[in-house]
Amino acid sequence: MSTTTYHEDQVLWTQRLPGGHHWSARIQRGAVLQLKSLGKNANVALYCVNSEDKLERYNMPDSLKGQHTAFLSTGHILASDLGRAMISIVKDDHGWNDAFCAPSTAQQIEQQFGTKTFQDARNEMYRNGKDSLLLEMTKFGLSATDLSSTLNLFSKVQPDDNGNLSYVASDNTDQVIELRFEMDCLVFLSSAPHALDNSTVYAPADIELNLFKALPLGDSDVCRDSCPQNQRAFQNNNRYYALTA
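Here is what the cut-offs are and how they apply
- Residues numbered from 1 in each chain as written.
- Predicted model: local features only at pLDDT ≥ 70, side-chain atom pairs only at ≥ 80, totals over all residues.
- Heavy atoms only, no water.
- Salt bridge = Lys/Arg side-chain N within 4 Å of Asp/Glu carboxyl O.
- Helix = DSSP H or I, 4+ residues; strand = E, 2+ residues; numbered from the N terminus.
- Buried < 20%, exposed > 50% of the residue type's maximum accessible area, 1.4 Å probe, protein only.
- Polar contact = N/O pair within 3.5 Å; in protein donor to acceptor, adjacent residues only side chain to side chain.

Draft legend 1. Geometry of the pattern of salt bridges. Following the criterion strictly, the structure yields ten salt bridges and no others. Here Glu52 ties to Arg26 by a salt bridge, and the two come within 3.5 Å at their closest N and O atoms. Remark: Arg26 occurs in strand β2 (residues 22–27) and Glu52 occurs in the loop between β4 (44–50) and α1 (60–67); sequence separation between them is 26 residues. Looking at Arg26, the relative accessible area reads 41%, which means it is partly exposed. Residues joined in a network through salt bridges with shared partners are Arg26, Glu52 and Asp184.

Draft legend 2. Structural detail: the side chain of Asn237. Positionally, Asn237 belongs in helix α5 (residues 228–240). For Asn237, a relative accessible area of 3% puts it in the buried group. Polar contacts involving the side chain of Asn237 include one to the main-chain carbonyl oxygen of Ala85, which spans 2.8 Å.

Printed below as a string of structure tokens:
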């Protein structure tokens, strides 16, 4: 685990995201969003778009290809489809965040856990990742056609010899992931179970969210300087924000 601090250690706000729930917000460039798992079975599906231009959004293929990786962790960025850096992962206790799998669906959750509706269970209802993200996206004028690949924080998947993916269960309790925002973003989160999680009980972990002000980038940076493609992405950001620097 890295002990380097990338933010001013003063919480601007804090919020609890209950397991299975969803959340969204506009988070400004120069902020660090900290996610802390409060239980052993955490998963947070994340999707983001440029808050000033919603057509610019997280691009999974370019993020993986440009950084020569099959997952995202400390030192990686979430790149947009215009080649800019949206979010930097500056700290990741889990060490592996699934970028391949889509969020869970209503059909998957029902087949695996059964059904608990709001009418029957109120806030203890069984939610799925896809519908949860779409509910948050509608608040900002976005729809299903605007949702592409998500990043599944706190979740690891691995392939077998035939390329079939399986979920790797782990105890996420007290693990922390810190995301530094390089662009003003609309960010959408769902803490519903991972699509490949084979648990028999619907019990996704609660997540604590904390927001900090990021420290200025130094002469070297864990994400910007991890590969030439990231350096180009940050240069593109500098051009994009040239008049507001």
